[in-house]
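Each chain, letter by letter, is given below.
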Amino acid sequence: MYHISVMPLETSQYLVNNMEGLYVDCTFGGGGHTSYLLNKFEKIKIIAFDWDEDASNRFLEQREDFEGRVTFVRDNFRNIKSVLARMNINKIDGILADIGVSSKQFDDLERGFSFNSSVLDMRMDKRNALTAKEIVNSYSRDDLTDIFYKYGEERKSRQIADAIILRRKRGIISTALELRDIICSVKRAEGKINPATKVFQALRVFVNDELGNLEALLSDAPELLNQHGRIVLVSFHSLEDRIIKQDFKKNASDGIYKILTKKVVTASQEEIYLNPRSRSAKIRAAEKISNA
């Protein structure tokens, strides 16, 4: 299994408002959400974005199954506006984004997302230059502290940064395993959560500029959506959810959006049992109501 898509039923119910519309899946991954949507709505078409080479290869493997209803773009969804412009597409009927790391990325130890990886990479797009290894080995104590606190909400960010600087005196930190052990020397486990979780999250978010990508998408969405078009976002941590919530609230107060999810939608207990990674997923959805 490449990746188990989170809450496909719920996302489809909030997303599709035009049974013959054109939709954008910003995070194709293994194609789970796209396949579900195509099977449920027989006349819609989808433009699928993903900047990960593995996702691009996955699309090529599935291409015949999509019967010409999917156009794949290997690009960061933050570029959605310029990409659609090059395709001579002015408006779309919906935007779906499942923000975060796929199971495939986590489980592939060569990608460096896992605590057990023998590399320290964390790039979703290997064409980008910046890696977690470069950050850990070359950034200053203050910069590391800021990254861990801002993007991981890590309370022991200063102590962990100090431990990394001290360890660097003995040589390059080259694996996720080494980094995990450094963090664990400073911080004890909190229940079942690995002590390194927040720092690894922070590095991944920073390496891939995940919050900047999300903010760019949110900024362009109102202009790209048709009237009554919808935006559905699945987030996995509080930083993302806070940005989405604030954006939807502002656009609603400006008369641009109607918020469809007064409270976040979360996975059922049955889904969490079948797919434990869905336990932290949150859906927020909005509909464009302005003609502007």
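Everything numeric here is computed off the predicted structure, so don't read it as measured data. (Residues numbered from 1 in each chain as written. Predicted model: local features only at pLDDT ≥ 70, side-chain atom pairs only at ≥ 80, totals over all residues. Heavy atoms only, no water.)

> So what exactly am I meant to see when it comes to the side chain of Thr27 here?
As for its placement among the helices and strands, Thr27 is situated in the loop between strand E1 (22-25) and helix H2 (32-40). Residue classification places Thr27 among the buried positions, given a relative accessible area of 19%. Not counting chain neighbours up to four residues away, the residues in contact with Thr27 comprise Phe49, Asp50, Phe77, Leu96, Ala97 and Asp98. (Helix = DSSP H or I, 4+ residues; strand = E, 2+ residues; numbered from the N terminus. Buried < 20%, exposed > 50% of the residue type's maximum accessible area, 1.4 Å probe, protein only. Contact = heavy atoms within 4.5 Å.)

> Is there a simple way to explain the packing of helix H11 (residues 210-224) against helix H12 (residues 238-253) in this structure?
Two elements in contact, H11 and H12, have axes whose closest approach is 10 Å; the angle formed by their N-to-C orientations is 20 degrees. By the angle class used here, H11 and H12 are roughly parallel. Considering how the two elements wind past one another, H11 and H12 form a crossing that is right-handed. On the side of H11, the interface is formed by Glu210, Leu211, Leu214, Glu215, Leu218 and Pro222, while H12 contributes Leu239, Glu240, Ile243, Ile244, Asp247, Phe248 and Asn251. Across the contact of H11 with H12, the residue classes tally to eight nonpolar, one polar and four charged. (Axes fitted to C-alpha atoms, helices over the stretch in contact; angles between N-to-C directions. Parallel < 35°, antiparallel > 145°, perpendicular 65-115°, else oblique. Left-handed = near helix turned anticlockwise from the far one by under 90°. Nonpolar A, V, L, I, M, F, W, Y, C, P; charged D, E, K, R; others polar.)

> I tried to follow the packing of helix H9 (residues 176-184) against helix H10 (residues 197-208) on my own but got confused; where do I start?
Packed helix pairs are characterised by how far apart their axes lie and by the angle those axes make with each other. One way to put it is that H9 packs onto H10 with a least axis distance of 10 Å and a crossing angle of 130 degrees. The angle between the axes of H9 and H10 places the two elements in the oblique class. Contacts from Ala176, Leu179, Arg180 and Ile183 of H9 reach H10 at Val199, Phe200 and Leu203. By residue class, the composition of the contact of H9 with H10 is six nonpolar, no polar and one charged.

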